[in-house]
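So you can see what is in the structure, the chains are spelled out below.
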Amino acid sequence: MHSANHWGGSLEIYNGSAESTTDDEKSRNMEWDKAALQPQHHHLDETQQSWLLYPQETKKKKYVDMGCVACSHKALKWTLYAFVFALLVIALPTILAETLPKHKSKPTPPDNYTIALQKALLFFNAQKSGKLHKNNGIPWRGDSGLQDGNGTDFSKAGLVGGYYDAGDNTKFHFPMAFAMTMLSWSVIEYRQKYEAIGEYQHTIDLIRWGTDYLLLTFNSSASKIDKIYCQVGGSRNGSTIPDDHYCWQGPEDMDYPRPTQVVNSGADLAGEMAAALAAASIVFRDDEAYSKKLVKGAATVYAFARDGGRRRAYSSGNDYIQPYYNSTSYYDEYIWGATWLYYATGNISYIRLATEPGFSKHSKALLGIPDLSVLSWDNKLPAAMLLLTRYRIFLNPGYPYEEMLRMYHNTTERNMCSYFQQFNVFNWTKGGMIQLNHGRPQPLQYVANAAFLASLYVDYLNATRVPGFNCGPQFISLDVLRNFATSQINYILGDNPMKMSYVVGYGTKFPRHVHHRGASTPSDNVRYSCTGGWKWRDISKPNPHNITGAMVGGPDRFDQFRDVRTNYNFTEPTLAGNAGLVAALVSLTSSGGIGIDKNSIFSAVPPLYPPSPPPPPAWKP
């Protein structure tokens, strides 16, 4: 190899060996050396003499000798001016920029979904029951329900805490558990977004408020239980005695009996509670003691759900529950609860249950029934199948689960296809809202849930670099599915024929007569009786308190909405509905980046295949 001269020109290295030069080169070198050593005896002309003698100048010098450069005084002066100018214009600002304190640039303003999300979370603060924290953030709410569940035999706390379900003061545990599952799921998938908008701690505090309460509803310290408290308060249809529907009082003023409902069988309720506690245990994985407590509770209630003698609907024959939150099946909760328990524990028995062919048969999950593609507090099938599709997409476990997972994956894609207007599975309003509940009242909770599932599935496929999926012979790109999700949430936020936001406090035009006892009763230090509060129910004036973030029931099938307090079909919000809204909004916001957390949900899942054996020891002769 040749040595390089990094400074330019040729580079010759003399190594002192006789063979390095030719005889001619030696001869020339010797001649040059002799010439250099011999004195020179030739004439110097005048110029050369002047260089040697330095005669004194008789005229004023017009230049300055700077060693190797001769400059005129004028040139030197302008050079100095240029240097000072450069110092002031270039160097000084640079120095100041480096030395003065730096001010952070203004953060990117939050998008509309973030603003709506922050408001939607406040609804849960307004629905809290029990002893409230000082920083609850809802000034018109106070402590309430402090005598709930007196006499229960599970804990000294009775059944104090949890959330009121809607505009009344009833605590329905079935939809409450579903709401906690949905909030937990959204945090697991989009934690970085919650952190970016400053709502992570708030949201997990809301989840813990719910899971702490759910742990009070059964003997969570036991490994086997025989009953679950399923409701506090409530009313029978047409009742004329003081209760949560007949009376119109804020929760702080309740002075009527609040009976508790208990069930000795209820596979649906227990399966949903298992899902809620297991999902929350993943959220709270950093708090090892609390996470283990949640896992233990989830396993206990799931065992209750699977007990052969307790396999019936929790609402069956109960007049306090059946007219309001009647459950139509429990096999969807079997799949849903088992999937979350598998993710929470890594126990292989749960994934075996989740992919049990009998569950899909009894739940009719694979039959393509349109109503079973609609996620709600009653039907968890589309969410459970999407969760299992996640397992297949990211971990690809193969045999013996592949066949069921593949069928769930196919059904999930069919569910997504059903959301598109072109396939005529569901009707749509002229204003652009999909009618997932066939034009019946309170449609928005179903719309929000579908938007969440669609947006989440887009993020799953994006994370695996899959550009879309097929609806029959037609290829659907992910942009089309995302557009469905955004169009439905935009409809809820005001892009509708009424030009009204159906989320209270978002935008300038939103419902002012929300069907809600606490929001409609003024905070005037007057304790209103059961019937004394009726005037606040019937008055035509707007509520004295805006229940910020509440998503109301929504418009009818003609896109029309009546902002009337007594018409709960239009103006009543629900806990489960707002949980789906929160999940959809966080999936769509660009704050905190795009996409999901691919791996956290699988933290407890063990390696699917045996680890590679260690390499053999090095061979020794």
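Residues numbered from 1 in each chain as written. Predicted model: local features only at pLDDT ≥ 70, side-chain atom pairs only at ≥ 80, totals over all residues. Heavy atoms only, no water.

1. Quick notes on the overall build of the protein
Here is step 1: Counting its secondary structure elements, the protein contains 20 helices and 7 strands.
Here is step 2: The contacts in the protein between residues at least 6 apart in sequence include a share of 74% that link residues at least 24 apart.
Here is step 3: Accessible surface computed for the protein: about 31,600 Å², of which carbon and sulfur atoms make up 55%. (Helix = DSSP H or I, 4+ residues; strand = E, 2+ residues; numbered from the N terminus. Contact = heavy atoms within 4.5 Å. Areas by Shrake-Rupley, 256 points an atom, 1.4 Å probe, with all protein chains shown as cover.)

2. Concerning the UniProt feature "active site" (unreviewed entry) in the protein
Here is step 1: The feature "active site" (unreviewed entry), as annotated in UniProt, sits at His-515, Asp-563 and Glu-572 in this numbering. The annotated residues occupy 58 residues of the chain but converge on a single region, no pair of C-alpha atoms lying more than 10.2 Å apart.
Here is step 2: Mapped onto the fold, Asp-563 is located in the loop between helix 18 (534-538) and helix 19 (568-571).
Here is step 3: Relative accessible area serves as the criterion here: at 22%, Asp-563 is assigned to the partly exposed category.
Here is step 4: Among residues more than four places away in sequence, those in contact with Asp-563 are Phe-510, Pro-511, Arg-512, His-513 and Thr-571.
Here is step 5: At a separation of 2.8 Å, a polar atom in the side chain of Asp-563 contacts the main-chain amide nitrogen of Arg-512.
Here is step 6: Take Glu-572: it is sitting in the loop between helix 19 and helix 20 (575-588).
Here is step 7: Taking the relative accessible area as the measure of exposure, Glu-572 reaches 12% and is therefore buried. (UniProt positions renumbered as here; feature names shortened; annotations may be inferred. Buried < 20%, exposed > 50% of the residue type's maximum accessible area, 1.4 Å probe, protein only. Polar contact = N/O pair within 3.5 Å; in protein donor to acceptor, adjacent residues only side chain to side chain.)

3. A word on unusual backbone geometry
Most peptide bonds take the trans configuration, and most residues that are not glycine carry a negative phi.
Here is step 1: The residue after Tyr-399, namely Pro-400, is reached through a cis peptide bond having omega 5°.
Here is step 2: Relative to the elements of secondary structure, Pro-400 occurs in the loop between helix 13 (381-395) and helix 14 (402-418).
Here is step 3: Unusually for a residue other than glycine, Asn-424 sits at a positive phi of about 55°.
Here is step 4: Here Asn-424 shows up in the loop between helix 14 and helix 15 (444-463).
Here is step 5: Overall, the relative accessible area of 66% leaves Asn-424 in the exposed class.

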